[in-house]
Amino acid sequence: MFELDFIEVQEKWRSKWFTANAFEPSVSSEKKFFFTVPYPYVTGNLHVGHGRTYVNADVIVRFKRMSGFNVLWPMGFHITGTPVLAVSDKIAKNDPETIALYLEYVNAYEQDDAKTKEIVNSFKDPWAVVNYFSKKLVQDFQKIGVSIDYSRQFTTGDPEYNAFVQWQFLKYKEKGFLKQGDYPILYSASEKNAVGEDDIKDADTDAVEVQEFISIKSKLGDSFILSSTLRPETVFGITNAFVNPEGDYVQALVDGEKVFCSKAAAEKLSFQKHEVKVLKELKGSEFVGKIIETPLGKKVPLLPASFVNVENASGFVHSVPAHAPYDYVALQDLKKDKKHADLFSIVEGIELISVISVEGFGDFPAKEIVEKMKIANLKEKAKIDKATQDLYKLEFYQGRMKENCSQFAGLSVEQAKKKTGEWLKQEKKAISFYETSRPAFTRHGDKVIAAVLSDQWFLDYNSPDWKKKSFELLDELKIIPEQYKKQFHDVFEWLDKRPCARRRGLGTQLPFNNEWIIESLSDSTFYPAFYTIIKQIKANKIQPSQLKPEFFDFVFQGKHSIQEASKTTGVPIELLQSIKKEFDYWYPCDQRHTGTAHITNHLSFYCFAHTALLQKEKWPKSISLNELVISEGQKMSKSKGNVVTLHKLFAQYPVDLARLYLVNTADLGSKLDFRLKDLQALQKSFNKLIAVLSEIVIFSTHDSAEKETPMTKWMLSKFESAVKESTTALKENRIRDYSQKTFFDLLNSWEYFSSRATPEEEILVSKKIAEKWVKLLSPIMPFYCEELWSSLGKDFVSLQQWPVVSEELIDENAELEEDYLQNVLQDVRRISSLMKNKKIASAKIIVASKEKKTQAINLIQKHASPEELSTDALSEYLKKNFYSYRTKPELLELSEYDKLVSAKDFISESLGYPVVIEKEESSNEEKKEKAMPLKPSVLLSFTS
RNA sequence: GCAGGGGUAGCAAAGCUUGGUCAAAUGCGCAGGAUUGAGGUUCCUGUCUCUUAGGAGUUCGAGGGUUCAAAUCCCUUCCCCUGCACCA
């Protein structure tokens with residue numbers, strides 16, 4: 001038995017590959033294959049989700065390399081944005097959870113506890129995080145055996161990279177793709193800064209977003225009151241407004257107009273591009289009973305309601321009791337309220353106004369639903385919330401505006417909502433009021449509010465020419481698996497203006513405005529180009545300051561003369577030439593592989609960036625994708641503690657096994673559910689294959705008599721078919737198919753062959769398949785394959801030529817004969833199983849006569865359909881398989897008797913009792929009549 | 001709601017583009033047998049239902065259609081997952 005210490009084998013080949021620089025190609029005359037996978041983000045360890053993407057990628061790349069391509073697969077590291085910063089921040093503030101997490105991460109690499117602590121402590125500096133993990137990730141990658149060129153590493157924080165990204169944004173600006181405008185964001189007033197999800201308490205479990213309320217202006221004296229709603233379309237149904245009598249309100253000058261709103265609202269408005277000056281403060285109770293005039297000219301009363309929250313939006317709400325459960329219940333409560341007995345007649349006089357029709361409800365859905373759910377008063381908050389939500393959903397998606405809604409009559413609520421809001425704002429009858437979707441606080445405990453940035457930078461993916469060109473790219477782009485092409489199409493359609501810079505985080509500053517950091521998805525769209533040049537930039541010590549726009553103009557776009565470019569940048573002409581040559585050699589990117597999650601952003605931006613910056617010949621050629629990995633049926637997350645890190649995995653299982661598992665468990669287009677039990681089960685087959693293959697490799701060195709037999713023909717045919725099918729599958733990126741064929745099918749075939757064959761036959765076949773099979777498997781399990789290959793006295797199977805199919809060995813007949821034998825065996829077993837209580841002594845197998853076969857062939861050929869056949873036994877039999885015999889008449893020509901006789905011992909052994917083979921012509925048995933072509937008659941005899 | 005993907009035997013997962021060879025690969029699980037002191041491992045066999053001679057019946061979310069023939073093509077319908085932006 002072949003025993004290997006997998007840790008040792010892995011270490012050995014890892015170090016051999018990388019000391020020999022086996023995967024570091026340079027410009028040559030060979031045909032090239034430039035392949036990339038998005039660089040990982042460096043805030044922690046890699047997990048099986050990364051593993052899946054990188055292993056699939058590696059299989060593709062190894063196949064291409066063995067198929068004679070000059071393959072470049074480089075790697076860099078992504079550090080842009082807030083996450084690294086957030087980690088450092090938390091560690092600096094001694095956040096116990098973060099420290100524990102990072103102790104665990106670092107502990108995976110370090111032996112010494114004291115050292116681990118020291119390292120984690122150093123993470124107060126974000127660059128320490130970046131530097132530490134980028135080094136460790138390289139080690140991890142090398143451990144998985146992915147054949148990456150590590151000589152072109154960089155991080156997105158490197159000054160060379162900054163210059164490269166700045167150049168891109170200069171180009172976007174020149175083309176008019178970069179624009180500035182208003183944008184609402186989450187904001188902390190006390191920190192004077194934008195806040196992201198990672199800054200907000202509990203935002204990872206309970207997301208906070210910015211909502212746009214429409215605050216309509218209703219006249220009250222010489223001022224307006226601002227009442228807010230998320231449903232502007234109901235403005236036609238207003239019957240009154242509500243104020244919280246306990247609340248604090250102000251009168252303020254907002255953009256030159258006197259308005260009433262809550263005190264909190266006035267402050268918020270000042271962050272939303274409004275000039276706000278508070279004139280006086282007053283209590284909500286002072287508004288009760290006042291009559292206001294809505295923008296539609298209707299005079300309605302202001303009534304008290306405790307449910308109005310002055311901390312939310314403008315502090316007043318208008319009331320649409322026909323459609324809003326809260327409003328309806330509030331009015332009912334008010335009628336019963338003794339404190340406000342003076343208002344009774346006003347409330348009593350309010351008539352509900354219906355503005356939306358929706359199936360299943362009459363004129364006043366809110367009233368109906370409140371009555372149906374038996375909501376008694378405002379205290380039943382949970383019930384009212386539910387009623388509101390249900391009704392809103394129903395009306396929003398299914399409702400229509402009624403006749404009384406002027407120009408919006410007949411529209412769906414969905415459309416009317418947007419249009420009414422726009423209209424009110426345009427007519428200056430309302431303003432936008434941005435508010436957080438729930439009360440939220442930063443991790444430091446400051447209030448999070450919605451603010452409007454007036455100078456936010458956007459990339460306008462809707463620029464007509466840009467979008468058109470990008471669709472052109474998409475038309476030509478090969479997407480693997482194809483099913484995702486449509487999604488790309490839809491995403492391209494949908495892409496609009498997208499904010500592309502932030503006020504904080506690591507990364508590159510906007511070239512013309514250094515207060516802005518280019519946001520992390522926007523700085524990672526064109527970087528495959530960077531791999532082609534960074535090696536020479538670093539090797540020749542070109543300074544970041546030399547990487548002026550002219551440098552990139554020249555290299556990527558061929559602009560300026562080389563003399564000019566050299567003069568401006570101070571880069572020598574030959575060097576400039578050589579860098580451009582390298583870019584021109586490798587570009588375009590032939591294939592980019594990543595997870596499907598990136599389609600809606602990263603991959604789409606990647607396409608757009610290329611159409612904006614490069615000529616058509618340099619646009620990407622293909623994108624391949626794989627779905628995500630879940631763990632034991634659940635999404636992986638730190639909080640669930642079910643994240644499987646590659647580190648842990650490889651401590652216990654051979655890398656080659658894990659690689660096999662990751663490519664074989666699911667197709668690229670489906671989720672992979674990582675189950676430890678399955679992996680362990682797979683290990684059995686894995687060990688078996690290693691044992692079998694090692695044996696074959698040893699056999700292949702033995703001498704043998706060169707004599708082919710039906711069995712060797714069968715095995716070689718199976719093998720060569722597998723070579724053929726595997727190769728096709730790999731060419732089409734059907735990686736799972738390839739692994740099934742190369743690994744499982746062949747293993748099963750060999751096991752069967754081995755049970756049927758003599759040692760001589762095994763040696764004969766081994767000599768012909770050993771090398772090929774090792775090569776075939778090497779993309780999946782490179783470590784063991786290198787080990788086996790070296791035992792044949794050769795170097796680096798990873799760099800060998802992919803096996804060529806020996807078509808002449810594919811022998812359909814040999815395979816058919818063996819299938820036939822299996823069918824017969826199956827048949828005999830079936831019959832035996834029906835003989836429940838009898839012990840079988842022996843079996844007689846009677847093969848159909850020649851005459852019957854000829855007859856059968858005639859019948860099949862002379863008739864077009866099974867209906868035309870008559871009802872004799874042979875015809876009845878033929879009816880069942882009519883069409884398959886018709887398309888493959890050679891089936892019927894098989895020499896059944898010879899096959900069975902030659903396999904007689906095998907049949908007896910498999911069945912466990914002796915068998916006799918007879919021909920129908922020479923048999924004395926009555927049952928011989930039952931024999932049909934390909935279906936011999938079987939006669940069992942029993943021990944008494 | 002919009003967009004994309006999906007529903008296959010106890011479970012997981014192929015097959016669907018190009019209809020027949022599909023009661024449907026493969027793996028797990030389960031059952032019986034061999035091996036073993038026992039367990040595990042390994043090997044063989046079976047695993048939709050009925051059937052004491054190789055037969056029959058019912059299945060691929062549900063319902064309808066096209067066809068000599070449908071898991072595969074068309075229509076309708078129900079259910080599930082993902083994304084919906086400034087976040088890596």
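Residues numbered from 1 in each chain as written. Chains lettered and ligands numbered in written order. Predicted model: local features only at pLDDT ≥ 70, side-chain atom pairs only at ≥ 80, totals over all residues. Heavy atoms only, no water.

1. Structural notes on the sheet that holds strand β23 (residues 591-595)
Here five strands make up an open sheet; going across it, the order is β2-β1-β23-β24-β18 and the pairing parallel. Of all the strands in the sheet, just β2 (70-72) and β18 (478-480) have a single pairing partner and so form its edges. On average, adjacent strands in this sheet sit at an angle of 20° to one another, irrespective of strand direction. (Pairing = 2+ DSSP bridges. Helix = DSSP H or I, 4+ residues; strand = E, 2+ residues; numbered from the N terminus. Axes fitted to C-alpha atoms, helices over the stretch in contact; angles between N-to-C directions.)

2. With respect to the side chain of Thr-611
Mapping Thr-611 onto the fold places it in helix α20 (residues 599-613). For Thr-611, a relative accessible area of 1% translates into the label buried. Polar contacts involving the side chain of Thr-611 include one to the side chain of Trp-466, which spans 3.3 Å. Side chain to side chain, Thr-611 and Ser-470 meet in a polar contact 3.0 Å long. (Buried < 20%, exposed > 50% of the residue type's maximum accessible area, 1.4 Å probe, protein only. Polar contact = N/O pair within 3.5 Å; in protein donor to acceptor, adjacent residues only side chain to side chain.)

3. Observations regarding the sheet that holds strand β19 (residues 497-499)
The pairing of strands in a sheet comes from backbone hydrogen bonds and takes either a parallel or an antiparallel form. Ordered by their spatial adjacency, four strands build an open sheet running β4-β3-β17-β19, and the pairing between neighbours is antiparallel. Each end of this open sheet is capped by a strand with a single partner; those strands are β4 (193-194) and β19. In the sheet, strand β3 (residues 178-188) pairs with strand β17 (residues 448-460) via ten bridges, with the strands oriented antiparallel. Counted as the bridge partner of Ser-188 is Val-448 from β17.

4. Digging into the pairing of strand β27 (residues 840-847)
The element β27 is extensively covered by neighbouring structure, given that six of its eight residues are classed as buried. Sheet topology places β27 next to strand β29 (residues 937-942); six bridges connect them, and they run antiparallel. By the bridge assignment for β29, Ser-842 is matched with Ser-941. Of the pairings in the sheet, the one linking β27 to strand β28 (residues 915-919) comprises five bridges and is parallel in character. When the bridges of β28 are listed, Ile-846 appears paired with Glu-918.

5. A short note on the confidence of the model for chain A
Scored by pLDDT, chain A has a mean of 87; 97% of the residues are at 70 or more. Scoring the predicted complex yields pTM 0.84 and, for the interface, ipTM 0.89. (pLDDT = per-residue confidence, 0-100.)

6. Thoughts on the protein's contact with RNA strand B
Around RNA strand B lies a shell of 47 residues, among which Tyr-41, Tyr-183, Arg-498, Pro-499 and Arg-502 are the nearest. Per the 4 Å cut-off to the protein, sugar and phosphate atoms form 50% of the nearby atoms of RNA strand B. Tyr-183 places a side-chain nitrogen or oxygen 2.4 Å from a base nitrogen of RNA strand B. Within the side chain of Gln-487, an N or O atom sits 3.2 Å from a sugar or linking oxygen of RNA strand B. At the level of elements, α15 (485-494), β19, α20, α23 (676-699), α25 (735-756), α28 (812-834) and β29 are the ones that each hand at least two residues to the surface near RNA strand B. A per-element tally of the surface near RNA strand B places α28 first, with six residues. Of the residues belonging to the surface near RNA strand B, the class tally is 17 nonpolar, twelve polar and 18 charged. (Near = heavy atom within 4 Å. Nonpolar A, V, L, I, M, F, W, Y, C, P; charged D, E, K, R; others polar.)

7. Considering the state of the cysteines
In a disulfide, the sulfur atoms of two cysteines are covalently bonded to one another. Enumeration according to the criterion identifies zero disulfides in this entry. Of all cysteine sulfurs, the one in Cys-607 lies closest to Cys-500, which takes part in no disulfide; the gap is 18 Å. (Disulfide = S-S within 2.5 Å.)

8. What about the pattern of salt bridges?
A side chain of one charge can pair with a side chain of the opposite charge if their charged atoms are brought near each other. Evaluated as defined, the whole model comprises 47 salt bridges. Lys-12 serves as the salt-bridge partner of Glu-787, at 3.1 Å between the closest nitrogen and oxygen. Residue Glu-787 is found in helix α27 (residues 782-791), and its partner Lys-12 is found in helix α1 (residues 6-19); the two are separated by 775 residues along the sequence. Judged by relative accessible area, Glu-787 falls into the buried class, the value being 16%. For Asp-58, the salt bridge goes to Arg-62, with nearest N and O atoms at 2.8 Å. Here Asp-58 and its partner Arg-62 are both found in helix α2 (residues 48-66), four residues apart, which amounts to about one turn of the helix. Judged by relative accessible area, which is 0%, Asp-58 ranks as buried. Look at the salt bridges and you will find they share partners, linking Arg-756, Glu-817, Glu-818 and Lys-899 into a network. (Salt bridge = Lys/Arg side-chain N within 4 Å of Asp/Glu carboxyl O.)

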